[in-house]
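# Examining the three-dimensional arrangement
Each chain is listed here by its residues.
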Amino acid sequence: MEFKVFGTKECSGCKTSMKQLDFYLKRWEVSSSVNLCFYDMETSEGLAEGAYHEVVKIPTTILMDTDSLLARWEGVVPPADDVKSYLADAIMEKSRKAA
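The structure reproduced in this document is the subject of the present report. (Residues numbered from 1 in each chain as written. Predicted model: local features only at pLDDT ≥ 70, side-chain atom pairs only at ≥ 80, totals over all residues. Heavy atoms only, no water.)

## Looking at the nonpolar core
- Within the largest apolar cluster, 14 residues are counted, with the highest numbers of intra-cluster contacts made by F3, W28, V30, V83 and L87.
- Elements that contribute at least two residues to this core include exactly β1 (2-7), α1 (12-27) and β4 (68-74).
- In terms of residues, this core owes the most to one element, α1, which gives 3 residues.
- With sequence-adjacent residues up to four places away left out, V83 is seen in contact with F3, L21, Y24, W28 and P78.
- Y39, M41, I62 and M64 belong to the second-largest nonpolar core, a separate cluster that totals 6 residues. (Core = buried A, V, L, I, M, F, W, Y, C linked by side-chain atoms within 4.5 Å. Buried < 20%, exposed > 50% of the residue type's maximum accessible area, 1.4 Å probe, protein only. Helix = DSSP H or I, 4+ residues; strand = E, 2+ residues; numbered from the N terminus. Contact = heavy atoms within 4.5 Å.)

## Some words on the sheet that holds strand β3 (residues 60-65)
- The sheet built from 4 strands is open, its strands ordered β2-β1-β3-β4 with mixed pairing. This sheet does not close on itself; its edge strands, each paired only once, are β2 (35-40) and β4. Across the sheet, the axes of successive neighbouring strands diverge by a mean angle of 20 degrees, strand direction being ignored.
- Here β3 runs beside β4; their pairing, made up of 6 bridges, is antiparallel. What sits directly across from M64, in β4, is L69. (Pairing = 2+ DSSP bridges. Axes fitted to C-alpha atoms, helices over the stretch in contact; angles between N-to-C directions.)

## Comments concerning the packing of aromatic side chains
- Applying the stated rule across the entire model yields 5 aromatic pairs.
- With 6.0 Å between their ring centres and 85 degrees between their planes, W73 and Y86 make a pair best called edge-to-face. Taken together, the residues span a long stretch of sequence, with W73 in strand β4 and Y86 in helix α3 (residues 80-86) at a distance of 13 residues.
- Of the residues examined, W73 reaches a relative accessible area of 8% and is grouped as buried.
- For Y86, a relative accessible area of 36% puts it in the partly exposed group.
- Linked through ring pairs, F3, W73 and Y86 together constitute an aromatic cluster. (Phe/Tyr/Trp six-rings, centres within 6.5 Å; stacked < 30°, edge-to-face > 60°.)

## Some thoughts on the pairing of β3
- Counting buried positions along β3 yields 5 of 6 residues, so the element is predominantly enclosed.
- Sheet topology places β1 next to β3; 5 bridges connect them, and they run antiparallel. Paired with F6 across the bridge in β3 is T60.
- Where β3 hands over to β4, the hairpin turn is made up of 2 residues, of which T66 adopts a positive phi near 55 degrees.

Below, the structure written as structure tokens:
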């Protein structure tokens, strides 16, 4: 599973999205099973990945599972409740292993 955040280095919403997602993944102890990647839309690599995912607003956050789109947030920071609901399986798996 992977979060892809598309934005620019100067975008405050983009920075907030990255910080919040990083916080959630660490808080729920799933950072080892869920990747978090930032794509700078001011670079050729970021633009190419953004074009592939049809990104038109920043920040755009996409949650992928292998090659399947699970969720997409455009122009907003993903709410904690949304993120937690999509990560429920990973969180449950972590709880089972700890028990």
